[in-house]
Amino acid sequence: MLGCGIGAVLMRGAGCTWNDITDSDFDRRVTRTASRPIPSGRISVHGALWWMAVQAVVAFAVLVSFGGFAIPLGIGSLALVVVYPFAKRFTWWPQVFLGLAFNWGALLAWVAVTDALAWPPVFLYLAGVAWTLFYDTIYAHQDKEDDALVGIKSTARLFGERTRQFLMIFQLLAVGLMIIAFLSAMIGMSTGIAAAVALCGPLAFGGHLAWQMGRLDVDDPTGCLRLFRSNRDSGLIVTLFLAAAFLV
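Quick summary incoming for the structure in this document. (Residues numbered from 1 in each chain as written. Predicted model: local features only at pLDDT ≥ 70, side-chain atom pairs only at ≥ 80, totals over all residues. Heavy atoms only, no water.)

### Remarks on the overall build of the protein
Thinking step 1. Helix and strand counts for the protein stand at 13 helices and zero strands.
Thinking step 2. The linear arrangement of helices and strands in the protein, starting from the amino end, is α-α-α-α-α-α-α-α-α-α-α-α-α.
Thinking step 3. Its C-alpha atoms give the protein a radius of gyration of 19 Å, within 12% of the compact-globule value 18 Å for 248 residues.
Thinking step 4. With respect to the three principal axes, the spread of C-alpha positions in the protein is 55 × 45 × 25 Å.
Thinking step 5. Going through the 248 residues of the protein one by one, you find that 43% of them count as buried.
Thinking step 6. Taking as baseline every contact in the protein between residues at least 6 positions apart, the subset at least 24 positions apart corresponds to 69%.
Thinking step 7. For the protein, the exposed surface amounts to about 12,700 Å²; the carbon and sulfur share of it is 72%. (Helix = DSSP H or I, 4+ residues; strand = E, 2+ residues; numbered from the N terminus. Rg over C-alpha atoms; globule rule 2.2 N^0.38 Å. Buried < 20%, exposed > 50% of the residue type's maximum accessible area, 1.4 Å probe, protein only. Contact = heavy atoms within 4.5 Å. Areas by Shrake-Rupley, 256 points an atom, 1.4 Å probe, with all protein chains shown as cover.)

Structure follows, in structure tokens:
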């Protein structure tokens, strides 16, 4: 758990650094991102590359400690991390690439423990991709006007006034796939009470996404950012229910 937690923070940091390096020219032309370290000139691209390298090297040391199949699987995620920042240049669905990259830990953590891949983490991975589409579409609505001016593609621009309908689909997919993941993981492994407690996690998670939907105004950038950030709570809800199920 500690290794996966450290690795997730480091690789997310490295991925975000890479994204800021590749997007620095775009960021200079978008009001909200112009003050980021690289476009504002506070940090050089050279310095950012060194910082990304340090994070990646430490993350690799953590990965090697897992051993077995986890090592090539972890290395395989780098392709998605590298490609994601360029996705907004060639597809209206860059959030899919973000979801594929950011949720790789669902696969890696399972393999780190079992040294084999199975269906439960695959379903959880897909649930994470659907969740990413949900929250990052909300996030992208902050910049849709500037994005249109500089030529950046996003699901926010693609969906437009149909955003709520698509978010509902992503919400249902995320909750449904998470329930399937939990059920398939618990077969023959959990008591009835533990399984019931664990399954409350996806349901409460879905309730939080519904709460976000009820407060969403796609034309309010400040509100979109607030709802995007509240997804930290969405993930924490699931974690707490899993922890409670473990203790039952």
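There is more to say after this.
### What to know about the environment of alanine 61
Thinking step 1. Relative to the elements of secondary structure, alanine 61 occurs in helix 3 (residues 45-66).
Thinking step 2. For alanine 61, a relative accessible area of 49% gives the class partly exposed.

### Quick word on the pattern of salt bridges
Thinking step 1. Evaluation of the coordinates by the stated rule reveals seven salt bridges.
Thinking step 2. For arginine 36, the salt bridge identified is with aspartate 20, shortest N-O distance 3.5 Å. In this pair, arginine 36 sits in the loop between helix 2 (24-28) and helix 3 while aspartate 20 sits in helix 1 (residues 2-22), placing the two residues 16 residues apart along the sequence.
Thinking step 3. Arginine 36 gets classed as partly exposed once you look at its relative accessible area, which sits at 22%. (Salt bridge = Lys/Arg side-chain N within 4 Å of Asp/Glu carboxyl O.)

### Points about the packing of helix 1 against helix 4 (residues 70-90)
Thinking step 1. The geometry of helix 1 relative to helix 4 is characterised by a closest axis approach of 10 Å and an angle of 35° between their N-to-C directions. Every pair of crossing elements has a handedness; the one defined by helix 1 and helix 4 is right-handed. Side by side, helix 1 and helix 4 meet where Met11, Gly15, Trp18, Asn19 and Thr22 of the first sit next to Leu78, Val81, Val82, Tyr84, Pro85, Phe86, Lys88 and Arg89 of the second.
Thinking step 2. Considering only residue class, the contact of helix 1 with helix 4 consists of eight nonpolar, three polar and two charged. (Axes fitted to C-alpha atoms, helices over the stretch in contact; angles between N-to-C directions. Left-handed = near helix turned anticlockwise from the far one by under 90°. Nonpolar A, V, L, I, M, F, W, Y, C, P; charged D, E, K, R; others polar.)

### Description of the nonpolar core
Thinking step 1. Counting 30 residues, the largest nonpolar core has Phe134, Ile138, Leu167, Phe182, Phe205 and Leu216 as its most contacted members.
Thinking step 2. If you list the elements that add at least two residues to this core, you get helix 7 (119-140), helix 10 (163-186), helix 11 (192-215), helix 12 (221-229) and helix 13 (231-247).
Thinking step 3. Per element, the largest residue contribution to this core is nine residues, and it comes from helix 10.
Thinking step 4. Setting aside its immediate chain neighbours within four residues, phenylalanine 205 contacts Trp131, Ala174, Val175, Met178, Ser234, Ile237 and Val238.
Thinking step 5. If you look at the next biggest cluster of nonpolar residues, it comprises 11 residues, including Leu63, Trp104, Leu108 and Tyr125. (Core = buried A, V, L, I, M, F, W, Y, C linked by side-chain atoms within 4.5 Å.)

### Points about a nonpolar patch on the surface
Thinking step 1. A cluster of nonpolar side chains, Phe60, Val64, Ile75 and Leu78, forms an exposed patch at the surface whose accessible area comes to about 330 Å².
Thinking step 2. At the level of secondary structure, the elements contributing two or more residues to the nonpolar patch comprise helix 3 and helix 4.
Thinking step 3. On the secondary structure map, phenylalanine 60 appears in helix 3. (Patch = residues over 30% accessible without salt bridge, like charges linked within 9 Å, V, L, I, M, F, W, Y side chains within 5 Å.)

### Describing the packing of helix 1 against helix 3
Packed helices, taken two at a time, are described by the angle their axes make and the gap between the axes.
Thinking step 1. Between helix 1 and helix 3, the shortest axis-to-axis distance is 9 Å and the interhelical angle comes to 155°. For the element pair helix 1 / helix 3, the angle class is roughly antiparallel. You can see that helix 1 and helix 3 cross each other, and the crossing is left-handed. Across the interface between the two elements, Gly3, Cys4, Ile6, Leu10, Met11, Gly13, Ala14, Thr17, Trp18 and Ile21 of helix 1 pack against Val45, Ala48, Leu49, Trp51, Met52, Gln55, Ala56, Val58, Ala59, Val62 and Phe66 of helix 3. (Parallel < 35°, antiparallel > 145°, perpendicular 65-115°, else oblique.)

### Quick look at the packing of aromatic side chains
Thinking step 1. In this structure the tally under the stated criterion is 12 aromatic pairs.
Thinking step 2. Ring centres of tryptophan 104 and tyrosine 125 lie 5.8 Å apart, and the angle between their planes is 90°; on these two criteria the pair is classed as edge-to-face. Residue tryptophan 104 is located in helix 6 (residues 104-114), and its partner tyrosine 125 is located in helix 7; the two are separated by 21 residues in the primary sequence. Judged on exposure class, the residue tryptophan 104 and its partner tyrosine 125 are both buried.
Thinking step 3. Members of the aromatic cluster, connected to one another through ring pairs, are Trp131, Tyr135, Tyr139, Phe205 and Phe228.
Thinking step 4. Its guanidinium or amino end placed over the ring of tyrosine 84, lysine 88 lies 5.0 Å from that ring's centre, counting from NZ or CZ. (Phe/Tyr/Trp six-rings, centres within 6.5 Å; stacked < 30°, edge-to-face > 60°. Lys NZ or Arg CZ within 6 Å of the ring centre and 35° of its normal.)

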